[in-house]
Structure formats: structure tokens, C-alpha cells
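# Observations on the three-dimensional arrangement
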Amino acid sequence: MTPRDETSRADGTALWRHRDFRRYLTAQAANVTGNSLSLMALPVLVVLHLDATTAEVAWLAFLGQLPTALLALHAGALADRHSKRRQMITGDLVSATALATVPVSAAQP
């Protein structure tokens, strides 16, 4: 093993020793998992509970992407002026709250 291999291996494992990195990685993993599940689960819930047609599910998917397409440029300019950490935490909490209303609404008779 060359000294360079030992250095790169030490650098790779040293990252796991940082508490902030582990917290960030855990939060990102939860975020990606939640986004993936909601991407798959919401259309299924719409079809099963609201008896949506294929066209309505397509419109739902289109309208779900519309805010990103229309507001991304302006939101990016505003985001540069504020704390990134606070924005990420706030965004994840708002997203979790919005997604938590789906099963609550589905449970209502």
C-alpha cells in the first residue's frame, strides 16, 4: 500500500467522524426517502381514494412540477440572502407537515 492510498483512506473515514456530516447525511437520506415515497404514493392514493382518472393523475403530476418551474429563479435569488441551514430545516418541516395531512385526510370518512 502506498502512502497516498493510506492518506486517501484516512481522509475518507475521517469524514464519518464529524457529527455535522453524519447529521446532514441522515437528514438528506430521510428527505430523499420521503420525496421518493410521496412521488410514488400520492398518485396511488389519488386513484384509490378519489377515483381519479389517468388524465387527472397526469394533471396532478404536471401541477406538482409547476411551482418549481415558475418560482425557481426568484426563490434562488432570495435564498442567497438567507441562512441555508434554516432554509433546509424549514423546508423539510413544511414538507413533512404537508405530507402528514395526506394520511389524516385519507382516514377521514
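A short tour of the structure in this document, coming up.

Reading guide: rules and limits
Residues numbered from 1 in each chain as written. Predicted model: local features only at pLDDT ≥ 70, side-chain atom pairs only at ≥ 80, totals over all residues. Heavy atoms only, no water. Helix = DSSP H or I, 4+ residues; strand = E, 2+ residues; numbered from the N terminus. Buried < 20%, exposed > 50% of the residue type's maximum accessible area, 1.4 Å probe, protein only. Areas by Shrake-Rupley, 256 points an atom, 1.4 Å probe, with all protein chains shown as cover. Axes fitted to C-alpha atoms, helices over the stretch in contact; angles between N-to-C directions. Parallel < 35°, antiparallel > 145°, perpendicular 65-115°, else oblique. Left-handed = near helix turned anticlockwise from the far one by under 90°. Contact = heavy atoms within 4.5 Å. Expected span 1.5 Å × (residues − 1). Bend = angle between axes of the 7 residues up to and from the residue. Phe/Tyr/Trp six-rings, centres within 6.5 Å; stacked < 30°, edge-to-face > 60°.

## Let's talk about the overall build of the protein
Helix and strand counts for the protein stand at four helices and zero strands. Overall, the protein shows an N-to-C arrangement of helices and strands of α-α-α-α. Within the protein, the proportion of its 109 residues that are buried is 5%. With an accessible surface of roughly 9200 Å², the protein has 67% of that area assigned to carbon and sulfur atoms.

## Some remarks on the packing of helix H2 (residues 19-50) against helix H4 (residues 84-107)
At a closest axis distance of 11 Å, the pairing of H2 and H4 adopts a crossing angle of 30°. When the interaxial angle is binned, H2 and H4 end up roughly parallel. Our pair here, H2 against H4, has a crossing hand that is left-handed. Within the contact between the two elements, H2 uses Arg-23, Tyr-24, Gln-28, Asn-31, Gly-34, Ser-38, Leu-42, Leu-45 and His-49 and H4 uses Arg-85, Met-88, Asp-92, Leu-99, Val-102 and Ala-106.

## Remarks on helix H3 (residues 54-79)
Under the 1.5 Å per step criterion, the end-to-end length of H3 is 36 Å for 26 residues, consistent within 8% with the ideal 38 Å. At Leu-71, H3 shows its strongest bend, of approximately 60°.

## Points about the packing of aromatic side chains
The description of an aromatic ring pair rests on the distance of the ring centres and on the angle between the ring planes. All told, the structure shown has two aromatic pairs when counted by the stated rule. When the ring of Trp-59 is compared with that of Phe-62, the centres are 5.7 Å apart and the planes differ by 85°; the resulting orientation is edge-to-face. Of the two residues, Trp-59 and Phe-62 both sit in helix H3, three residues apart, roughly one turn of that helix.

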